[in-house]
Each structure stands twice: as C-alpha cells, then as structure tokens.
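Residues per chain are reported as follows:
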Amino acid sequence: MADPTPKSPPASPDVTLPDSLISTTDAISYWSSTEATITGMLGGYPQVSRIDLQSSSNFLTKIRRRSPHHPPSEPLSRIADCGAGIGRITLGLLSRVATVVDIVEPV
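Residues numbered from 1 in each chain as written. Predicted model: local features only at pLDDT ≥ 70, side-chain atom pairs only at ≥ 80, totals over all residues. Heavy atoms only, no water.

Asks: Break down the overall build of the chain for me, with residues and values.
Replies: For the chain, the helix and strand inventory stands at 4 helices and 2 strands. Reading the chain from its N terminus to its C terminus gives the helix and strand order α-α-α-β-α-β. Classification of the 107 residues of the chain by burial places 16% in the buried group. Pairs at least 24 apart in sequence give 27% of the contacts found in the chain among residues at least 6 apart. Of the accessible surface of the chain, which amounts to about 8700 Å², a share of 58% is contributed by carbon and sulfur atoms. (Helix = DSSP H or I, 4+ residues; strand = E, 2+ residues; numbered from the N terminus. Buried < 20%, exposed > 50% of the residue type's maximum accessible area, 1.4 Å probe, protein only. Contact = heavy atoms within 4.5 Å. Areas by Shrake-Rupley, 256 points an atom, 1.4 Å probe, with all protein chains shown as cover.)

Asks: Talk me through the side chain of Thr-90; I want residue IDs and the actual numbers.
Replies: As for its position among the elements, Thr-90 is in helix 4 (residues 88–97). Residue classification places Thr-90 among the buried residues on the basis of a relative accessible area of 9%. For Thr-90, the contacting residues outside a window of four places in its chain are Asp-81, Ala-84, Ser-95, Val-101 and Ile-103.

Asks: Lay out the pairing of strand 1 (residues 76–82) in plain terms, naming residues and giving numbers.
Replies: On a regular strand, one side chain projects to one face of the sheet and the next to the other, so that they alternate. Bridge count between strand 1 and strand 2 (residues 98–104): 6 bridges; the pairing is parallel. Within strand 2, the position partnered with Asp-81 by the bridge is Ile-103. Chirality of the crossover, the property in question, places the unit of strand 1, helix 4 and strand 2 among those that are right-handed. (Pairing = 2+ DSSP bridges. Right-handed = clockwise from strand over helix to strand, strands pointing away.)

Asks: Explain the packing of helix 3 (residues 50–65) against helix 4 to me, using residue names and the numbers behind them.
Replies: Helix 4 packs onto helix 3 with a crossing angle of 40° between their chain directions and a minimal axis gap of 10 Å. Here helix 4 runs oblique to helix 3, going by the angle between their axes. Of the two elements, helix 3 crosses helix 4, and the hand of that crossing is right-handed. Across the interface between the two elements, Asp-52, Leu-53, Ser-56, Ser-57, Leu-60 and Arg-64 of helix 3 pack against Arg-88, Ile-89, Gly-92, Leu-93, Leu-94 and Val-97 of helix 4. For the contact of helix 3 with helix 4, a count of residues per class yields 6 nonpolar, 3 polar and 3 charged. (Axes fitted to C-alpha atoms, helices over the stretch in contact; angles between N-to-C directions. Parallel < 35°, antiparallel > 145°, perpendicular 65-115°, else oblique. Left-handed = near helix turned anticlockwise from the far one by under 90°. Nonpolar A, V, L, I, M, F, W, Y, C, P; charged D, E, K, R; others polar.)

As structure tokens, then:
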C-alpha cells in the first residue's frame, strides 16, 4: 500500500552554482560498485581508445596554438589532470607532453 502522506519535492539545485549539481553520494555509490579495472572504469570497454587520446591531443594542441607562452613544439613544465579517473589521459597523453603531471581525482 502506498504512503498517502504527500511528500515535498526535492530541493532544486541552484544552477548558478555548478557544484550544487554534483551529488557526491551518487558518485561514491557508483564508483564503489564499479570494478577497479580498465574495463570497469571505461564502462565495459577493455582498453583505452586511440581515438579518445587523439581527440584529447588535438584539443590540447589547439589550445596551445593560441598561447604565445606554450607552443605545441615545446614540452610543458607542469600540467594537471583534474578528474583523472584511472589516469588514461594522464598516461596516454599528458605524461608525453609535460615534465610533471599532477593528478587530481576527487572521487
């Protein structure tokens, strides 16, 4: 039998504050139930896609072309991978274009 007591709708997130859209409870629950392997972290794919890495490389190159301080032909001294996950971009790309890579993974 359903509960006849009316329930208040959940509070709407404040879209002017992007962090209010993040549910750390849901993120921790999801990642806690996911196998700690490349296959698990990539949603069932058994390896990192070369296309994924190439797209990220193209994106980084486009950004670096706009900077007079960091031309694509020179290695970066330091870079950060924020939301690094299992580090597929760190290992497959960033470690090849920077001397030091700082990895940040909040979950």
